Amino acid sequence: MTDVEGDLSLLRGRLLQWLMNDALPIWWSVGADTAGGGFHEAIDHAGRPVIADRRARVQARQIFTYAVARDMGWNGPAQEAMAHGLDYFLGRYRRPDGLFCNALTVDGKQAAAAPYLYEQAFALLAMATAHGPEKRMPELVPVAEHLLERLLAERRGHAGGFTGFVDDAVYQSDPHMHLFETALAWEEISSDPRWSRLADELVELCLARFITRDRGILLEYFDSSWAPAAGDIGRLVWPGHQFEWAGLLERWALSRGREDVRKVARRLYRIGADHGIDAKRGVAVFELTDDMVVNDPKARLWAQAEWLKAAIILARSEQDEATRRAYLADAAAGARSLLRFLETPVGGLWRDKLTGEGEWIDEPAPASSFYHIIDSLRVLAAWQADPNKSGRPTA
């Protein structure tokens, strides 16, 4: 074992101990609403649940979290927690048309806004992960397939892709990334060819529209023709999404034998690593502009987790030893950054935002971050188990 592998192994141990002993227990014992159902949006740093409107994405992400905890062998009530979330989510958020509403208000009513693509993507991901490679919950398959049918029939944009907003003049790459992630998850456990076709379609859209042809930069905001949105918003670049797309594209490219797309994945990773890491604070920043100037220097927890995850995914499929070690060194840096966000008065919680001046923003720990944390840690856990395998565990 090299020095960098030894360093990463120690960091892995600390992170997994935190996950199994602190985070998963508190987000079940405090984060779950055992009286009313579902999961709370956040826990404050005194260890109390925050009462607020509940976004569908949070419920779906917590279902995902405890399904992954089950698959990682957590000795707590993972199955109970996952089932608790599913009962509430399917019973309260699903609309008569098969789509899922965006949120429930504090009094338990469905939000009136038209459903976002983002929420549908996470509903599908939660169901895929709960069903899992062992196909434990076949009753979820027709629910997911009906939702897929509605998306394909009703939510397509005229220039390709889907609309994720009520305002059709603003499109975003982000919900398409999560729909791509979902398609890959279902592809691994379903014989329905529509999932693979959807994954392929979203990759081609990403290559043709989301990533600039001249410099290979992934953008965030577009108009309905998939041209960059007018004004400054069309120039925004999120390093965390460079990492997140890099890992997903690498997985897809390995399954399809597409070396050209593997090169794209590495290019995206390099953009994030070369321009999106603040060396002084040792963190991935939130936002750049397309000329690689920092636009928003604060650091978000999720970007640190995606930095760690992408570095491990690329290291595991890298044949050149020097490059592999460089990815593992980056993974160790990402792990150290992530650990900083997890140092809180109450164990198992986290900070979400670090200012450019290095000060924590005082706010409750959002449940939505757990999805990013546990997904990065299962990839890290799998690296230690078999560092020579490509990709990551199935979703």
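Residues numbered from 1 in each chain as written. Predicted model: local features only at pLDDT ≥ 70, side-chain atom pairs only at ≥ 80, totals over all residues. Heavy atoms only, no water.

A few points about the packing of helix H1 (residues 3–29) against helix H12 (residues 369–385)
For clarity, the threshold we go by: Geometry is summarised by axes, namely lines fitted to C-alpha atoms with helices restricted to the contacting stretch, and by angles between N-to-C directions that run from 0 to 180 degrees. Only runs of H or I of at least four residues qualify as helices and only runs of E of at least two qualify as strands under DSSP, and these elements are numbered from the N terminus. Any angle from 65 to 115 degrees is called roughly perpendicular, while one under 35 is roughly parallel, one over 145 is roughly antiparallel, and all others are oblique. Crossings are assigned a handedness: left-handed for a near helix turned anticlockwise from the far helix by less than a right angle, right-handed for a clockwise turn. Here, residues are in contact when the closest pair of their heavy atoms is within 4.5 Å.
Orientation of H1 relative to H12, taken along the N-to-C sense of each, is 135°, at an axis distance of 10 Å. With respect to each other, H1 and H12 are oriented oblique. With respect to the hand of their crossing, H1 and H12 are arranged in left-handed fashion. Where H1 abuts H12, its residues Glu5, Leu8, Ser9, Arg12, Leu15, Leu16, Trp18, Leu19, Ala23, Leu24 and Trp27 lie against Phe370, Ile373, Ile374, Leu377, Leu380, Ala381, Trp383 and Gln384.

A word on the environment of Glu359
The residue Glu359 is located in the loop between strand E13 (353–354) and strand E14 (365–366) in this model. Put simply, Glu359 and His372 are 13 residues apart on the chain and 22 Å apart in space, counted from C-alpha to C-alpha. Other than its neighbours up to four places away in sequence, Glu359 contacts Lys353 and Leu354.

Things to note about the sheet that holds strand E10 (residues 287–289)
Note the cut-off: Paired strands, in this sense, are two strands between which DSSP finds at least two bridges.
Taken in spatial order, the 3 strands of this open sheet run E7-E10-E11, and their pairing is antiparallel. Two strands in the sheet have a free side with no partner beyond their single neighbour: strand E7 (236–237) and strand E11 (294–296). Relative to E11, E10 is paired through 2 bridges, and the arrangement is antiparallel. Bridge pairing in E11 places Leu288 opposite Val294.

What about the packing of helix H10 (residues 301–316) against helix H11 (residues 321–341)?
Relative to each other, H10 and H11 sit at 155°, their axes nearing to 8 Å. Looking at the two axes, H10 sits roughly antiparallel to H11. Note on packing geometry: the crossing formed by H10 with H11 is left-handed. Touching Leu301, Gln304, Ala305, Trp307, Leu308, Ala311, Ile312, Leu314 and Ala315 of H10 are Arg324, Tyr327, Leu328, Asp330, Ala331, Ala333, Gly334, Ala335, Ser337, Leu338 and Phe341, all from H11.

Description of the packing of aromatic side chains
By convention here, two paired aromatic rings are described through the distance between centres and the angle between planes. Rules: Stacked, tilted and edge-to-face pairs are distinguished by plane angle, under 30 degrees for stacked and over 60 for edge-to-face with tilted covering the rest, among Phe, Tyr and Trp rings (Trp via its six-membered ring) whose centres lie within 6.5 Å. Accessibility here uses a 1.4 Å probe with only protein chains present; expressed as a share of the type maximum, an area under 20% marks a residue as buried, one over 50% as exposed, and anything in between as partly exposed.
Inspection of the entire model under this criterion finds 25 aromatic pairs. With centroids separated by 5.9 Å and ring planes inclined at 65°, the aromatic side chains of Phe210 and Trp245 adopt a geometry described as edge-to-face. On the criterion of sequence distance, the pair formed by Phe210 in helix H7 (residues 193–210) and Trp245 in helix H8 (residues 239–256) is long-range, its members being 35 residues apart. With a relative accessible area of 0%, Phe210 lands in the buried category. Residue Trp245 is classed as buried on the basis of its relative accessible area, which comes to 1%. Between Phe243 and Trp307, the ring centres sit 6.4 Å apart and the planes meet at 15°, which makes this aromatic pair stacked. Residue Phe243 is located in helix H8, and its partner Trp307 is located in helix H10; the two are separated by 64 residues in the primary sequence. Comparing Phe243 with Trp307, the two get one shared label, buried.

A closer look at the pattern of salt bridges
Test applied: In the sections that follow, a salt bridge refers to a side-chain nitrogen of Lys or Arg positioned within 4 Å of a carboxyl oxygen of Asp or Glu.
Summed over the entire model, instances satisfying the criterion amount to 36 salt bridges. Ionic pairing is found between Arg48 and Asp44, a salt bridge with its closest N-O pair at 2.9 Å. For Asp44, a relative accessible area of 14% translates into the label buried. The closest approach of N and O atoms between Asp375 and Arg378, which form a salt bridge, is 2.7 Å. Of this pair, Asp375 and Arg378 both sit in helix H12, 3 residues apart, which is roughly one turn of the helix. A single network of salt bridges, built from pairs that share partners, joins Glu250, Glu259, Arg262, Arg266 and Glu318.

Interpretation note: all reported values are geometric properties and have no functional meaning in isolation.
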